[in-house]
Amino acid sequence: MSDVTRLSVFKTYKLYVGGKFPRSESGRVYEVTDSKGSWLANAPLSSRKDARDAVVAARKAFGGWSGATAYNRGQVLYRVAEMLEGRKGQFVREVADAEGLSKSKAAVAVDAAIDRWVWYAGWTDKIGQVVGGANPVAGPFFNLSTPEPAGVVTVLAPQESSFLGLVSVIAPVIATGNTAVVVASEKSPLPALSLGEVLATSDLPGGVVNVLSGRTAEIAAPLAAHQDVNGIDLTGADEALAKELEIAAADNLKRVLRAERTDWTADPGTSRLTAFLETKTVWHPTGSLGASGSAY
């Protein structure tokens, strides 16, 4: 057999919307390069129509996902972590290329991202006890407050932390029952697009997470103004863009998580879990127990 050099089989990166892998409806792509400017891949350049399609998919998935038990959501998220562990080598390569890291440092970042995903999976059936509870009131009533997901949330992924930061903004949104439209890092979208492949082969229902790549400002503008989006995480927006998006988001009173510098390796706490939760309070009358006037 002759020694013939094989042609390279390059990976085709696609969007992840509604559990499927469409190309941008515009047909556009843009070049993604590594930290030294070398070509890595062509990524889809999402359009406003892609953004609207992602919101439709997220809304369609919201009822089933928010209605699932918290325990079931935890199981599904843990399965995602299992899939990430199995494809760790691929993510190490992509993170190393995206962030200009050595393979050993990229491996540390990927391990941290998988651990972070598991950590949030463990919170699905616990956050209700932390932020909900019974309220003391004067009168013969039970007064109970419970957290509920806000709905469809737009997430602007961090521009610099292509995987650990990405996981840190997606996982808490869906752990609490929301569905997400994720705008990947503009300069380093490949780990996010590969995450879509992992989500598709896990137990996560289609539409719970939708991943778009392209120009952050171009995609985020229609999402911030969209009347069927209930919240927006501005982490991946610069100061000027964040201000514009926050003004647009006010039109339908979206919940807004403002952009701020974050050390993604630090303990994340529960702030991102509660950022897109609403509180439902229920009053229920109690019954009187005899002449003493005591009640249960």
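In the block above lies the structure referred to throughout.
Keep in mind that what you see is a predicted model, and the values were worked out from it rather than measured. (Residues numbered from 1 in each chain as written. Predicted model: local features only at pLDDT ≥ 70, side-chain atom pairs only at ≥ 80, totals over all residues. Heavy atoms only, no water.)

> How should I be thinking about the packing of helix α2 (residues 70–86) against helix α7 (residues 190–200) in this particular structure?
For any two helices packed against each other, the geometry comes down to the angle between their axes and how far apart the axes lie. Where α2 contacts α7, the axes come no closer than 9 Å and their chain directions differ by 120 degrees. Judged on the interaxial angle alone, α7 and α2 are oblique. Two packed elements cross with a definite hand, and for α2 against α7 that hand is right-handed. Residues Val80, Met83 and Leu84 of α2 pack against Leu195, Val198 and Leu199 of α7. Looking at the contact of α2 with α7 residue by residue, the class counts come to six nonpolar, no polar and no charged. (Axes fitted to C-alpha atoms, helices over the stretch in contact; angles between N-to-C directions. Helix = DSSP H or I, 4+ residues; strand = E, 2+ residues; numbered from the N terminus. Parallel < 35°, antiparallel > 145°, perpendicular 65-115°, else oblique. Left-handed = near helix turned anticlockwise from the far one by under 90°. Contact = heavy atoms within 4.5 Å. Nonpolar A, V, L, I, M, F, W, Y, C, P; charged D, E, K, R; others polar.)

> Sorry, what's going on with the sheet that holds strand β7 (residues 209–212) here?
Strand pairing in a sheet is mediated by backbone hydrogen bonds. Such pairs are either parallel or antiparallel. The five strands are arranged β7-β6-β5-β8-β9 in an open sheet whose pairing can be described as parallel. Single-partner strands in this sheet number two, and they are β7 and β9 (255–257). Strand-to-strand twist in this sheet, taken as the mean axis angle between neighbours without regard to direction, amounts to 15 degrees. As defined by bridge partners, strand β8 (residues 231–233) adjoins β9 across three bridges and the pair is classed as parallel. Note on β9: the bridge partner recorded for Asp233 is Leu257. Contacting β5 (152–156), β6 (179–183) and β7, helix α1 (residues 48–67) runs over the sheet at an angle of about 155 degrees to β6. In this fold helix α6 (residues 164–175) packs onto β5, β6, β7 and β8, with an angle of close to 160 degrees to the strand it touches most, β6. (Pairing = 2+ DSSP bridges.)

> Just checking my understanding: could you explain helix α4 (residues 103–121) for this structure?
Within an α-helix, residues lying three or four positions from one another point in the same direction, as the helix has 3.6 residues per turn. For α4, which comprises 19 residues, the first-to-last C-alpha distance of 27 Å matches the rise-based estimate of 27 Å (1.5 Å per residue) to within 8%. If you check which residues of α4 are buried, you get Ala106, Ala109, Val110, Ala113, Ile114, Arg116, Trp117, Tyr120 and Ala121. End-on, the buried residues of α4 take up no more than an arc of 155 degrees, which puts them together on one face. Residues of α4 that are exposed and point more than 90 degrees away from the buried face comprise Ser104, Lys105, Val108 and Asp115. (Expected span 1.5 Å × (residues − 1). Buried < 20%, exposed > 50% of the residue type's maximum accessible area, 1.4 Å probe, protein only. Arc of directions from axis to C-beta.)

> Just to check I follow, could you spell out the packing of aromatic side chains for this structure?
Each aromatic ring pair is described using two quantities: the centre-to-centre distance and the angle formed by the ring planes. For the structure shown, the criterion picks out six aromatic pairs. On the basis of an interplanar angle of 65 degrees and a centroid distance of 5.8 Å, the ring pair of Trp119 and Trp123 is categorised as edge-to-face. A relative accessible area of 33% places Trp119 in the partly exposed class. Here Trp123 falls in the buried class, since its relative accessible area comes to 18%. Between the aromatic rings of Phe141 and Trp283, the centroid separation amounts to 5.6 Å while the plane-to-plane angle is 80 degrees, which identifies the pairing as edge-to-face. Residue Phe141 is found in strand β4 (residues 141–149), and its partner Trp283 is found in strand β10 (residues 277–285); the two are separated by 142 residues along the sequence. The ring of Tyr13 carries the charged tip of Lys11 above its face, separated from the ring centre by 5.1 Å. Looking at Arg215, its charged tip hangs above the ring of Tyr30, at a distance of 4.6 Å from the centre. (Phe/Tyr/Trp six-rings, centres within 6.5 Å; stacked < 30°, edge-to-face > 60°. Lys NZ or Arg CZ within 6 Å of the ring centre and 35° of its normal.)

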